[in-house]
Amino acid sequence: MRHPIITAILALAVLVTAGCGFNLRGTTSVPEGLQTLILDSSDPYGPFTRAVRSQLRQSGVTIADDAARQDIPSLRLSGESTGKDTVSIFQNGTTAEYQMVMEAHAQVMIPGQGIYPISAKVFRSFFDNPLTALAKDAEQDMIRQEMREQLAQQLVRKLIVVQATEKPMSDAELKEASEPKTGGQITR
């Protein structure tokens, strides 16, 4: 009597998670029209481009090498910007905690349909201990790498929205959307 109850509960759990659109982490489904993409970047071997390429491959997207083909959609990465804002200070006036901000802009160009801008932003806090200078540099590098991976995940997830969008942006709207919005200190 006990096994049929466990089987029924397990079957119910499978049906509920399958019906709600639940996906395992790292298995973002990209629309059929974007299953083959050209990845275009000003820094093709940079850490952000590598993170995006990795996320696309994990999502089952084929990255085409032939940029001359006009019939394949392309994902053009505009790069990433990083900034730091002071969140808290010590009693002596030095910075105790930063909020690190990393933002990325990209454009999806679909032949015959238009250009669709997408962007992503990630925030992290960082405690600045002046006594451990070498350790905090290594920690900042690790945090930046994690932020790049999260940005790449967000951009790949937003490819679903591109396919659902009906109207592409005009040239004036595209220019306004691609201009970086500054807040705090921005470095490249």
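Residues numbered from 1 in each chain as written. Predicted model: local features only at pLDDT ≥ 70, side-chain atom pairs only at ≥ 80, totals over all residues. Heavy atoms only, no water.

Visitor: What am I meant to see in the overall build of the protein chain here?
Guide: A tally of regular secondary structure across the protein chain gives five helices and six strands. For the protein chain, the proportion of contacts with a sequence separation of at least 24, taken over those separated by at least 6, is 70%. Split by element, the accessible area of the protein chain, about 12200 Å² in all, is 55% carbon and sulfur. (Helix = DSSP H or I, 4+ residues; strand = E, 2+ residues; numbered from the N terminus. Contact = heavy atoms within 4.5 Å. Areas by Shrake-Rupley, 256 points an atom, 1.4 Å probe, with all protein chains shown as cover.)

Visitor: I'm lost on the packing of aromatic side chains in this one. Help?
Guide: Given two aromatic rings, their pairing is described by the distance between the two centres and the angle made by the two planes. In this structure the tally under the stated criterion is zero aromatic pairs. The ring of Tyr 98 carries Lys 84 above its face, with NZ or CZ at 4.5 Å from the centroid. (Phe/Tyr/Trp six-rings, centres within 6.5 Å; stacked < 30°, edge-to-face > 60°. Lys NZ or Arg CZ within 6 Å of the ring centre and 35° of its normal.)

Visitor: Whenever I open this one, the packing of helix 2 (residues 47–58) against helix 3 (residues 133–157) confuses me. Can you help?
Guide: For any two helices packed against each other, one specifies the inter-axial angle together with the distance between the axes. Axis separation between helix 2 and helix 3 bottoms out at 8 Å; the angle between their running directions is 45 degrees. The angle between helix 2 and helix 3 places the two elements in the oblique class. Here helix 2 runs over helix 3; the crossing is right-handed. Note on element contacts: helix 3 touches helix 2 through Gln 145, Arg 148, Glu 149, Leu 151, Ala 152, Gln 153, Leu 155 and Val 156, opposite Pro 47, Phe 48, Ala 51, Val 52, Gln 55 and Leu 56. Residue composition of the contact of helix 2 with helix 3, by class: nine nonpolar, three polar and two charged. (Axes fitted to C-alpha atoms, helices over the stretch in contact; angles between N-to-C directions. Parallel < 35°, antiparallel > 145°, perpendicular 65-115°, else oblique. Left-handed = near helix turned anticlockwise from the far one by under 90°. Nonpolar A, V, L, I, M, F, W, Y, C, P; charged D, E, K, R; others polar.)

Visitor: What is the right way to look at the pairing of strand 3 (residues 74–89) in this model?
Guide: In the case of a regular strand, side chains alternate between the two sheet surfaces. Bridge count between strand 1 (residues 36–41) and strand 3: four bridges; the pairing is parallel. Directly across from Asp 40, in strand 3, lies its bridge partner Arg 76. In this structure, strand 3 lies alongside strand 4 (residues 95–110), joined through 14 bridges in antiparallel fashion. Bridging from a neighbouring strand, Leu 77 pairs with Ala 106 of strand 4. (Pairing = 2+ DSSP bridges.)

Visitor: So what exactly am I meant to see when it comes to the nonpolar core here?
Guide: Side chains that are nonpolar tend, in soluble globular proteins, to be buried together. Grouped together as the largest cluster of nonpolar side chains are 32 residues, with contacts concentrated most on Val 52, Leu 56, Leu 75, Val 108 and Leu 155. Those elements that place two or more of their residues in this core are strand 1, helix 2, strand 3, strand 4, strand 5 (114–127), helix 3 and helix 4 (159–164). Counting residues per element, this core draws most heavily on strand 4, at seven residues. (Core = buried A, V, L, I, M, F, W, Y, C linked by side-chain atoms within 4.5 Å. Buried < 20%, exposed > 50% of the residue type's maximum accessible area, 1.4 Å probe, protein only.)

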